[in-house]
Amino acid sequence: MDWIAWIRGSLSAALQWFEAHPGTAGWLDAVGSISAIVFVYLFALSQNRRIKSHENTDRIRRAQGIALVLIPVLTAFRPKIEAAIIQESQPSPPDEIMHLLDQLYILGVAGGLILQMVATLQANQRSEPPANANETVRSSYNSIARQRFSDALYYCDGAVQTLMKLTRTRTV
């Protein structure tokens, strides 16, 4: 009970001091207003951070969903690129990838690698050797085509590895 008496005495002393100094009420009002403004700012800041965290988690989960679709597609497409290097054929990118081109930005680096693979394959499809090409021109053309397919294979492998890392990213 001794501490109740101490609080009662301290409180009465503080009230007497406030009554003796008439400008104190204005200062308390100013400090209270500033504290309320700071509190509201910090509350809004924490809400904004929470919303951004949820948006980031949603973006990662969308990217993981797309990655889970693309990994088997790219894995199945890899042998076609390897065969094109040997047989000098011209494979076109899989339809599953072509339908998702507008969503690849979500994947970041993996999406960039997939876009580079598609661009390389499409560039190879558009190029044709001249109709009256001699053996040297045809050999040069085949060498360039093999290099493009090797690049496409590199981009495909890089995309699969990056997508695998993305699927292992934890979201809580």
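Residues numbered from 1 in each chain as written. Predicted model: local features only at pLDDT ≥ 70, side-chain atom pairs only at ≥ 80, totals over all residues. Heavy atoms only, no water.

Quick look at the overall build of the protein chain now. Along the protein chain, the regular secondary structure elements total 5 helices and 0 strands. In the protein chain, the succession of α and β elements from N to C terminus is α-α-α-α-α. On C-alpha atoms alone, the protein chain measures out to a radius of gyration of 34 Å, which is more than a quarter above the 16 Å that the 2.2 N^0.38 rule sets for 172 residues. Here the C-alpha coordinates of the protein chain stretch approximately 110 × 35 × 25 Å along the principal axes. A buried classification covers 27% of the 172 residues belonging to the protein chain. Just so you have it, the protein chain exposes about 12100 Å², and 61% of that area is on carbon and sulfur atoms. (Helix = DSSP H or I, 4+ residues; strand = E, 2+ residues; numbered from the N terminus. Rg over C-alpha atoms; globule rule 2.2 N^0.38 Å. Buried < 20%, exposed > 50% of the residue type's maximum accessible area, 1.4 Å probe, protein only. Areas by Shrake-Rupley, 256 points an atom, 1.4 Å probe, with all protein chains shown as cover.)

The next thing to look at is the nonpolar core. One recurring pattern in soluble globular proteins: nonpolar side chains tend to sit buried together. Counting 31 residues, the largest nonpolar core has Leu 70, Leu 74, Leu 107, Ile 114, Met 117 and Leu 163 as its most contacted members. Residue assignment for this core shows that the elements contributing at least two residues are helix 2 (24-87), helix 4 (109-126) and helix 5 (135-167). Element by element, the count of residues in this core is highest for helix 2, at 11 residues. (Core = buried A, V, L, I, M, F, W, Y, C linked by side-chain atoms within 4.5 Å.)

Another point: the packing of helix 2 against helix 5. As a packed pair, helix 2 and helix 5 sit with axes 9 Å apart at the nearest point and diverge in direction by 155°. It follows from the interaxial angle that helix 2 and helix 5 lie roughly antiparallel. Taken as a pair, helix 2 and helix 5 cross one another with a handedness that is left-handed. When the residues that make up the contact of helix 2 with helix 5 are grouped by side-chain class, the tally is 18 nonpolar, 4 polar and 4 charged. (Axes fitted to C-alpha atoms, helices over the stretch in contact; angles between N-to-C directions. Parallel < 35°, antiparallel > 145°, perpendicular 65-115°, else oblique. Left-handed = near helix turned anticlockwise from the far one by under 90°. Nonpolar A, V, L, I, M, F, W, Y, C, P; charged D, E, K, R; others polar.)

Right, let's get into the pattern of salt bridges. Taken as a whole, this structure holds 2 salt bridges when the rule is applied. With a closest N to O distance of 2.5 Å, Asp 157 and Arg 78 form a salt bridge. Here Asp 157, found in helix 5, pairs with Arg 78, found in helix 2; they are 79 residues apart in sequence, far enough to count as distant. Given a relative accessible area of 24%, Asp 157 falls into the partly exposed group. (Salt bridge = Lys/Arg side-chain N within 4 Å of Asp/Glu carboxyl O.)

Turning our attention to a nonpolar patch on the surface. Residues Leu 11, Leu 15, Trp 17, Phe 18 and Leu 28 make up a contiguous nonpolar surface patch of roughly 520 Å² in combined accessible area. Here Phe 18 shows up in helix 1 (residues 2-20). With a relative accessible area of 35%, Phe 18 lands in the partly exposed category. (Patch = residues over 30% accessible without salt bridge, like charges linked within 9 Å, V, L, I, M, F, W, Y side chains within 5 Å.)

Looking now at the environment of Gly 32. Tracing the chain through its elements places Gly 32 in helix 2. Residues Gly 32 and Asp 102, spaced 70 residues apart in sequence, show a C-alpha to C-alpha distance of 52 Å.

Moving on: the environment of Thr 167. Positionally, Thr 167 belongs in helix 5. Sequence separation between Thr 167 and Leu 68 is 99 residues, and the spatial gap between their C-alpha atoms is 7.2 Å. With residues up to four places along the chain from it excluded, the contact list for Thr 167 reads Gln 64, Ala 67, Leu 68 and Ile 71. A polar side-chain atom of Thr 167 sits 2.7 Å from the main-chain carbonyl oxygen of Met 164. (Contact = heavy atoms within 4.5 Å. Polar contact = N/O pair within 3.5 Å; in protein donor to acceptor, adjacent residues only side chain to side chain.)

Turning next to the packing of helix 4 against helix 5. How two helices pack is summed up by the angle between their axes together with the distance between the axes. For the pair helix 4 and helix 5, the least separation of the axes is 8 Å and the interaxial angle reads 160°. Compared by their axis directions, helix 4 and helix 5 come out roughly antiparallel. The way helix 4 lies across helix 5 gives a crossing that is left-handed. Residues Val 109, Ala 110, Leu 113, Ile 114, Gln 116, Met 117, Thr 120, Leu 121, Ala 123 and Asn 124 of helix 4 touch helix 5, and the partners they reach there are Tyr 141, Ala 145, Arg 148, Phe 149, Asp 151, Ala 152, Tyr 155, Cys 156, Gly 158, Ala 159, Thr 162 and Leu 163.

Time to look at helix 4. Taking 1.5 Å of rise per residue, 18 residues should cover 26 Å, and helix 4 covers 26 Å from first to last C-alpha, within 8% of that figure. Along helix 4, the positions that sit buried rather than exposed are Ala 110, Gly 111, Leu 113, Ile 114, Met 117, Val 118, Thr 120, Leu 121 and Asn 124. (Expected span 1.5 Å × (residues − 1).)

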